[in-house]
Amino acid sequence: PLLVLKLPRFESANLAEPPTSRQVICALGDPANVGALVRVSLAFGVGEVILLKESASPFHPKALRASSGTSLTMKFSMGPSLSLLGEKIHELGLLALDLKGEDIRTFKWPKPFRLLVGEEGRGLPEDLAQAKRLTIPIQPQVESLNAVSAVSVALFASQLKN
């Protein structure tokens, strides 16, 4: 099969303004992870995915395959580099998944919100330490969850009544 499409130009994300929908901020470099992230984001009612400079394209063939075509319907915008977010972290009110943070089972999710997803393995840079950190409790013999699995759990938890 062959898919030919004209790639859209993404608007710049206005991170200075509060979010108007549930948003996921993506810094994933693996196209398959980006596609899977788009798929779960759409499944759990995310209105926009903000792609940081480090993010792979949601229209890469591997991303399109992993997204099951949802990359063709999701709203995207472009954000800055992950390293530039640290300069304005106080103003952004970002939520970030981390191994240490507030338990997502008891966290009072704002509506709307911005959830930042860092690169697998490296996680989030230290200068983003002041983002609101959320953790998913897992068994001690498991080091961590795959980034997209963690986002899936977090987005599901955000839909539960607090």
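Counting restarts for each chain: residues are numbered from 1 in the order of the written sequence. Local features in this predicted model are restricted to residues of pLDDT 70 or higher, and side-chain atom pairs are both shown and tallied only at a pLDDT of 80 or more, whereas totals for entire chains, interfaces and linings draw on every residue. Side-chain numbers here rest on the full set of heavy atoms in the structure, without hydrogens or water.

Colleague: Explain the sheet that holds strand E4 (residues 76-78) here, please?
Modeller: Paired through backbone hydrogen bonds, the strands of a sheet run either parallel or antiparallel to each other. The pairing criterion is simple: DSSP has to find at least two bridges between the two strands. Helix numbering and strand numbering both begin at the N terminus, where a helix is a DSSP run of H or I of at least 4 residues and a strand a DSSP run of E of at least 2. Spatially, the 7 strands line up as an open sheet ordered E1-E4-E3-E2-E6-E5-E7, and their pairing is parallel. Both outer strands of the open sheet, strand E1 (11-12) and strand E7 (132-135), are each paired with one neighbouring strand and no more. With 5 bridges connecting them, strand E5 (residues 95-103) and E7 associate as parallel partners. Within E7, the residue paired with Asp103 across the bridge is Thr135. Where helix H1 (residues 31-43) meets the sheet, its contacts fall on strand E2 (23-26), strand E3 (48-51), E4 and strand E6 (114-117), and the angle it forms with E2 comes to roughly 175°. The contact criterion used throughout is that any non-hydrogen atoms of two residues lie within 4.5 Å. Only the stretch in contact is used when fitting a helix axis, every axis being a line fitted to C-alpha atoms; angles between N-to-C directions are given from 0 to 180 degrees. Contacting E2, E5 and E6, helix H5 (residues 147-159) runs over the sheet at an angle of about 160° to E6.

Colleague: How should I be thinking about the nonpolar core in this particular structure?
Modeller: We define the nonpolar core as a collection of buried residues of types Ala, Val, Leu, Ile, Met, Phe, Trp, Tyr and Cys that are connected through side-chain atoms lying within 4.5 Å of one another. The classification of residues rests on relative accessible area computed with a 1.4 Å probe and restricted to protein chains. Under 20% of the type maximum is buried, over 50% is exposed, and intermediate values are partly exposed. With 33 residues, the main nonpolar core has Leu28, Leu37, Trp109, Leu115, Val151 and Leu155 as its most contacted residues. Per-element tally for this core: the top contributor is H5, with 7 residues. Not counting residues up to four positions away in its chain, the partners in contact with Leu37 are Val24, Cys26, Leu28, Val117, Val148 and Val151. Among the nonpolar cores identified, the runner-up in size contains 14 residues, and Leu82, Leu116, Leu128 and Ala131 belong to it.

Take it as geometry only, folks, not as evidence of what the structure does.
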